[in-house]
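What follows is each chain in one-letter form.
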Amino acid sequence: MSALVSTRVLLPSLFFQRTTFLSRISFFNTSTVLLSHVDSKNVPLTLTSLGFKSELVETNNKRQKYKQDVSPIKTSIGEGKPLRSSKSKVVLTKRTLELETPPFASHSFSELGLPPLLLQRLEREGFNVPTDVQSAAIPTILKNHDVVIQSYTGSGKTLAYLLPILSIVGPLRKNSPENSDELGKKMEIEAVIVAPSRELGMQIVREVEKLLGPAEKRAVQQLVGGANRSRQEEALKKNKPSIVVGTPGRIAEISAAGKLHTHNCRFLVLDEVDELLSFNFREDMHRILEHVGRRSSLGQNAGRALKGPLEKRVERQTIMVSATVPFSVIRAARSWGNNPLLVQSQKIIPLEAATPSGPLNISNPIARSSESPSSQDEAPAVSLPPSLKHYYCISKLQHKVDTLRRCIHALDANSVIAFMNNTKQLKDAVFKLEARGIKALELHGDLGKLARSTALKKFKSGEVRVLVTNELSARGLDVAECDLVVNLDLPTDSVHYAHRAGRTGRLGRKGMVVSLCEESEVFVVKKMQKQLGVVITGCDFVEGKLSVIGEERYT
Ligand SMILES: Nc1ncnc2c1ncn2[C@@H]1O[C@H](COP(=O)(O)OP(=O)(O)OP(=O)(O)O)[C@@H](O)[C@H]1O
C-alpha cells in the first residue's frame, strides 16, 4: 500500500488514470496485478541508476556530455574517442558500457585447440577469454561434428563458429602435416557463410578481417546483395579467397553463373538459420545446400562411417546458428546435417534428443510452468540476455514519437534503436525526432546501399543518437554501446521480440527494452511476456523520470 501511496505522491495528476489502466490490464489478462510502486528510495530509474556508469562532464562548448568508462573488453567499436559531427559541430563523447554479467567461460582460448597464430590474433584484438558458448562450440566443431549453435543474443556465437573454421582453413590455420602439402597452393573456397542481410554479412566479414589482419584479409570475400556483382566476381577470381560470406540471393546468383566453385567446400555456416528458412530465401537456400560441399552419395548415414572424431570428413560440415531455434530448424538441421549436435552455452546434446520446446524453455521456470506452446508459439526463453530489463508503456499512436522522446530523456539513453513495422511511418518518426532536437536516422531496405552503410556507420560512431529501423536490423546487428531498444510498433511475435531486444545488453552489458503500445495491444505484450518467460513491466515517463506502474505475477 505504501508503494501505491508513493506513486500518488510522485504523480498525483495521473493517479486516477493509473488505477483505470490497471483494472483494464486485469480485464485483458488473467494474470494478477499487484500494487503499483516506484523505486523505494524515490530515485528515478535511469540507465545510470540501473548500473550504466557514466559521468557528466563539461566539454568546451559547455554542453553536458558523457565521459565513458573504460570497458575491460576492447570491442570492435571505437573506444570512446571524442567524435565531431560535421553538421552540428556538437562534440559527442561515446559512452562505453561496462560488462556487468559477461558470459565468459573459465577456460582460456589456448585450451580449446586453436592454432598459435590464431591465438596471437585473438590476444592482439583483445579477445582474452572465450564465452560459454564459444567454449562449448569450438572443440565440438573441431571434432568435425555438424552443429546447431543456440545461445542468447550477444553471447558471441559469431566467433564460436569462426574460430574453429579459421583453425582449419585460411592463412591462420594449423600447420599440421595433414594440410602442409597444401601450403603455398592457391586454395579453393573452403568455407561459405550465409547470413540473411547485407549488414549482417558485412559485419561477419569485418570480424574475420580483424583476425586475419590487413596483410591477409583477402582470404575473406563478401558476396552481399546491393553491391556490384561483377566486382565481386573479379575479386573472387583475383584473390582466390578461402572464405566467402554473403546473402543467399547473391551467393546463389554467382554460383548459378558458374563463378563460385564450392563443391570442395569444407564448411557451410547458416547464420540466423531460422530466418534463412523463411519463404523468401527458399530457392536460393535450396541451391546453396545442394552445391556447397561434397555431399556424400550415402546421404545421412555417411557421417556415421567416420571412424574417430578427428577422422577427415569427406563431405561438408554444416553449422547452423541462431538465438532462436524453433522446431522448423530442428527438422531442417536433421535433414541438412549429419547427426548434428545442439550446442548451447552450458550443454551439448544430440539434436535427435532435442524436443521443440525443450531447448528453448528448459532453463526458465516461468516459461516451463506455462502451457506447452505450439511449434509456432515456442518460447525463446534462453534467447534473451539475462541482464535485460523489459518495460511497456501505453501510448496513443499519434503520441508515440513524443513518448519515445520522453523515454530517451527519462532513461538518459545514449544509443537507441527504435523499431517500427512500416517504412513511411518510420520516415515520419525520424522527421519528428529531428524536429524535437534528437539526432536520428532511418535504416531500412528501401534505402540504397550507401545510405544504409552511412546510417549504420553514423549510429555506431555515436554521431546519431537514435536509429529508427525495421526488422532489417533486428538480427545480428552488434552495437556494443546500444543501451536502449524501443518498439515503436510491437513486433509480430515473441521470436521477433527476442531478436529486436537483443540489440542491447550485448555480451553481458545492461540494457533496457521499452515497448510502446496502445491500450488495446496490452494483451499482445502479456502474451509475449508469457512466451518469453520474462517480466515486461508497465511504466510511464513523467517529469523526466521512469515510473513503474505495476508488477504482474504469472497465474
Ligand atoms: N570472447 C570474447 N571476448 C570479448 N568480446 C567478445 C568475445 N566473443 C565475442 N565478443 C564480442 O561480443 C559481441 C557480440 O558477439 P556476437 O555478435 O557474435 O553475438 P551473437 O551471439 O552472435 O549475437 P546475435 O544473436 O545477436 O547475433 C561482438 O562485439 C563480439 O566481437
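Residues numbered from 1 in each chain as written. Predicted model: local features only at pLDDT ≥ 70, side-chain atom pairs only at ≥ 80, totals over all residues. Heavy atoms only, no water.

## Looking at the side chain of Gln-222
Then, in step 1: Within the secondary structure, Gln-222 sits in strand β8 (residues 220-223).
Then, in step 2: Within the structure, the side chain of Gln-222 is placed 3.4 Å from the side chain of Arg-206, a separation counted as a polar contact. (Helix = DSSP H or I, 4+ residues; strand = E, 2+ residues; numbered from the N terminus. Polar contact = N/O pair within 3.5 Å; in protein donor to acceptor, adjacent residues only side chain to side chain.)

## Observations regarding the packing of helix α18 (residues 494-501) against helix α19 (residues 522-532)
Then, in step 1: Where α18 contacts α19, the axes come no closer than 9 Å and their chain directions differ by 80°. Judged by the angle between their axes, α18 and α19 are roughly perpendicular. On α19, the residues touching Ser-494, Tyr-497 and Ala-498 of α18 are Met-528, Gln-531 and Leu-532.
Then, in step 2: Of the residues in the contact of α18 with α19, the class split is four nonpolar, two polar and no charged. (Axes fitted to C-alpha atoms, helices over the stretch in contact; angles between N-to-C directions. Parallel < 35°, antiparallel > 145°, perpendicular 65-115°, else oblique. Contact = heavy atoms within 4.5 Å. Nonpolar A, V, L, I, M, F, W, Y, C, P; charged D, E, K, R; others polar.)

## Notes on the pairing of strand β18 (residues 484-487)
Then, in step 1: Where burial is concerned, the two faces of β18 agree: the one with Leu-484 and Val-486 and the one with Val-485 and Asn-487 are both buried.
Then, in step 2: By the bridge criterion, four bridges tie strand β15 (residues 416-419) to β18 in an arrangement that is parallel. By the bridge assignment, Ile-417 is partnered in β18 with Val-485.
Then, in step 3: One ladder, built from four bridges, connects β18 with strand β19 (residues 511-517); its direction is parallel. Among the inter-strand pairings, Leu-484 is bridged to a residue of β19, identified as Met-512. (Buried < 20%, exposed > 50% of the residue type's maximum accessible area, 1.4 Å probe, protein only. Pairing = 2+ DSSP bridges.)

## Focus: the UniProt feature "domain: Helicase C-terminal" (unreviewed entry) in the protein
Then, in step 1: The UniProt entry lists residues 403-547 under the feature "domain: Helicase C-terminal" (unreviewed entry), expressed in the numbering used here.
Then, in step 2: Spanning residues 403-547, this segment combines 37% helix with 23% strand, and its end C-alpha atoms are found 13 Å apart. (UniProt positions renumbered as here; feature names shortened; annotations may be inferred.)

## Side note on the pattern of salt bridges
Then, in step 1: Scanning the model with the defined rule gives 19 salt bridges in all.
Then, in step 2: The partner of Asp-428 in a salt bridge is Lys-424, with the nearest N and O atoms 3.3 Å apart. Remark: Lys-424 and Asp-428 occur in helix α16 (residues 423-435); sequence separation between them is four residues, near one turn of the helix.
Then, in step 3: Among the residues examined, Lys-424 registers a relative accessible area of 56% and is labelled exposed.
Then, in step 4: Within the structure, one salt-bridge network assembled from shared partners comprises Arg-229, Glu-233, Arg-250, Glu-253 and Lys-259. (Salt bridge = Lys/Arg side-chain N within 4 Å of Asp/Glu carboxyl O.)

## Some remarks on the sheet that holds strand β10 (residues 267-271)
Then, in step 1: Ordered by their spatial adjacency, eight strands build an open sheet running β8-β9-β7-β10-β11-β6-β12-β13, and the pairing between neighbours is mixed. Two strands in the sheet have a free side with no partner beyond their single neighbour: β8 and β13 (348-350). Put simply, the sheet's adjacent strands are angled 20° from each other on average, direction ignored.
Then, in step 2: Taken together, the four bridges between strand β7 (residues 191-194) and β10 define a ladder with parallel strand orientation. Looking at β10, one finds that Val-194 is bridged to Leu-270.
Then, in step 3: Most of the contacts of helix α7 (residues 198-212) go to β8, to which it runs at about 170°, and overall it touches β7, β8, β9 (243-246) and β10.

## Digging into the site of the ligand
Then, in step 1: Of all residues adjacent to the ligand, which total 23 residues, the nearest are Val-129, Lys-157, Thr-158, Asp-478 and Arg-506.
Then, in step 2: Note that an oxygen atom of the ligand is positioned 2.7 Å from one of the side-chain N or O atoms of Lys-157.
Then, in step 3: Protein coverage of the free-state accessible area of the ligand, which is 640 Å², stands at 96%.
Then, in step 4: A total of three residues in the shell around the ligand trace back to one element, the largest contributor, which is helix α5 (residues 157-168).
Then, in step 5: Taken together, the residues that form the shell around the ligand break down as nine nonpolar, eight polar and six charged. (Near = heavy atom within 4 Å. Areas by Shrake-Rupley, 256 points an atom, 1.4 Å probe, with all protein chains shown as cover.)

## A look at the packing of helix α4 (residues 132-142) against α5
Then, in step 1: Relative orientation of the contacting elements α4 and α5 amounts to 30°, with a least axis distance of 8 Å. The orientation of α4 with respect to α5, classified from their angle, is roughly parallel. As α4 runs across α5, the sense of the crossing is right-handed. Of the residues in α5, those in contact with Val-133, Gln-134, Ala-137, Ile-138, Ile-141 and Leu-142 of α4 are Lys-157, Leu-159, Ala-160, Tyr-161, Leu-163, Pro-164, Ser-167 and Ile-168.
Then, in step 2: Its residues assigned to classes, the contact of α4 with α5 comprises eleven nonpolar, two polar and one charged. (Left-handed = near helix turned anticlockwise from the far one by under 90°.)

## Some details on the nonpolar core
Then, in step 1: Core analysis: the largest hydrophobic core is formed by 42 residues, its most contacted members being Ile-149, Tyr-161, Leu-163, Ile-165, Ile-204, Ile-243 and Ile-319.
Then, in step 2: For this core, the element with the most residues is α5, which contributes seven residues.
Then, in step 3: Not counting chain neighbours up to four residues away, the residues in contact with Leu-163 comprise Phe-109, Leu-114, Leu-118, Leu-122, Ile-138 and Leu-211. (Core = buried A, V, L, I, M, F, W, Y, C linked by side-chain atoms within 4.5 Å.)

## A few points about the UniProt feature "short sequence motif: Q motif" (unreviewed entry) in the protein
Then, in step 1: Annotation from UniProt places "short sequence motif: Q motif" (unreviewed entry) at residues 107-135.
Then, in step 2: For residues 107-135, the helix share is 45%, the strand share is 0%, and the end-to-end C-alpha distance is 7 Å.

## Some points on the environment of Cys-482
Then, in step 1: Mapped onto the fold, Cys-482 is located in the loop between β17 (466-469) and β18.
Then, in step 2: For Cys-482, a relative accessible area of 0% gives the class buried.

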